[in-house]
Amino acid sequence: FDNFTGDESLEYFVSGMHASLIGHMGRIGGMRVISKTSSNLYRGVDMSVPQIASELGVDAVVEPTVMCLGDSICLQIKVFSAYPEEKLIWVADYKEEKSQILNLYNRITKQIAGEARIELTAGEEELLAKDRTVDPDALDAFLKGQYYWEKLDAKSVQMAIEYFEQAIERDPEWADPYAGLAQAWSLAGRFGIIPASQAKQKKYQFINKALELDPNSAHAHYVKANDAVWNEWDWVLGEKEFQKTLELNPNHELARLYYAHLLMILRRTDEAVYQAKIGLELDPLRPLVLGLYGVVMTHKGDYQAAISAFEKAKSIAPDFRFAFNVLPALYWNGDYEDWIKTWEEKVLWNSEAKASVVNTFYERGHIAAVEEMFKMNEKYGNGIGNANMTYSLKAYRYMYLNKPEEALNCLEKMYEQKDLNATYMATNLYYYDELKNYPRYIALLEKMNLPLPEAH
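First, a word on what this report is: a plain description of the structure on this page. (Residues numbered from 1 in each chain as written. Predicted model: local features only at pLDDT ≥ 70, side-chain atom pairs only at ≥ 80, totals over all residues. Heavy atoms only, no water.)

**Considering the sheet that holds strand S3 (residues 72–81)**
- Within the open sheet, the 4 strands sit side by side as S1-S2-S3-S4. Their pairing is mixed. The sheet is open, and its two edges are formed by strand S1 (2–3) and strand S4 (87–97), each paired on a single side.
- Bridging between S3 and S4 involves 10 bridges; their strand directions are antiparallel. By the bridge assignment for S4, Lys 78 is matched with Val 91.
- Across the sheet, helix H4 (residues 101–115) touches strand S2 (60–69), S3 and S4, and the angle it forms with S4 is around 160°. (Pairing = 2+ DSSP bridges. Helix = DSSP H or I, 4+ residues; strand = E, 2+ residues; numbered from the N terminus. Contact = heavy atoms within 4.5 Å. Axes fitted to C-alpha atoms, helices over the stretch in contact; angles between N-to-C directions.)

Shown next as structure tokens:
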């Protein structure tokens, strides 16, 4: 998606157009549409269409170019087939008022589907036939909100909230800014910007408003699904909302991956792997997608596939903390040198505590190194720059040390604190296989309405 306007300050708008057009095209079940993050990696790369198509496993490439952007938008769309050779099969030029951009996306999607000889379902025809104008200033504010939301840090989330609120003020009948605001307030609660109870109230207020305005908003159903699973532990509602999201947008890669995690939580492993693989196909070069896929493979017991996914994520984004948080546990099954090197590379501990653990590893082995971690945690306490260990990490490490009662103490704390990681309590291989005969563990699973071991 190229910006030929000559104005780099409009990049947020072009980026938003890219995501929006992919979202509209993604509603067509007969097309597999690669998501924005993976497709963006090919901007400015000296590769032919067949080379790109081969890497992504697709048949065609859509190349939009924004030529002008003001009160009106000038857009050229080219579609290239990749096989048996690169060939321009369709080109169209559009000039549309900014207020009509949502209708323009629908028109382009319908035309591309026609060129690809895809027969639309009645539901897809209905979605693409909907007419919706949008206030141009609201559109600007919404796309800026999305731009800042994607940065996922406290300051950017506050800016995203401001822009979503501006969009609502300008166009109060448009559902998308309400869904964005619900997601932003949820994250604001996690960052401690406002108390969690207030964030929860605001989140529900805005997600309900989004669905009232547009019951067919895939984004709103996706936000509701994630909240139901990881905040409310309502597995039934979560599955219902993920299924609705995928009904409205079969190409929603994160809905596929997070639905796979819910299926894992419910110990429906084969279904989880199926959804995770589809999600990976839709966005194969996005570190977050690779990480979520790697977690599914971990809980399936396919450690090599999990390591490959996380290593690929690291190669794309060298500072991807998700990978560094999970890889040490994957290396625990024999690759102890890699385990300690990965831990040492990224752990945010003070130098003395870190050195003590590393030295213990080389002098007395990996079990002694884990014991030293607990000693350093007790000595320096939690917090960045100290020797932080969450209850989730402590539970893992107590299981390494064959101390199930201490691990159960941590799991109970996670339950009491509504820790996000507590949702995986029935999935984790260490917990489920090793603790399934402990009454305290069974009691936790029952409280959370999670699957019990067969004997129970």
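**Describing the nonpolar core**
- By size, the foremost hydrophobic cluster in this structure holds 80 residues, and its most contacted members are Trp 235, Phe 242, Trp 339, Trp 349, Leu 411, Met 425 and Tyr 441.
- Ranked by residues supplied to this core, first place goes to helix H12 (residues 253–265) with 10 residues.
- Counting 61 residues, the second-largest nonpolar core is a separate cluster that includes Met 17, Ile 22, Val 33 and Ile 207. (Core = buried A, V, L, I, M, F, W, Y, C linked by side-chain atoms within 4.5 Å. Buried < 20%, exposed > 50% of the residue type's maximum accessible area, 1.4 Å probe, protein only.)

**Quick notes on the environment of Ala 154**
- You can see Ala 154 is positioned in helix H7 (residues 154–170).
- The partly exposed category is assigned to Ala 154, whose relative accessible area is 30%.
- Along the chain, Ala 154 and Thr 390 lie 236 residues apart, while their C-alpha atoms are 21 Å from each other.
- If we skip the residues at most four places from it in the chain, Ala 154 touches Phe 191 and Ile 193.

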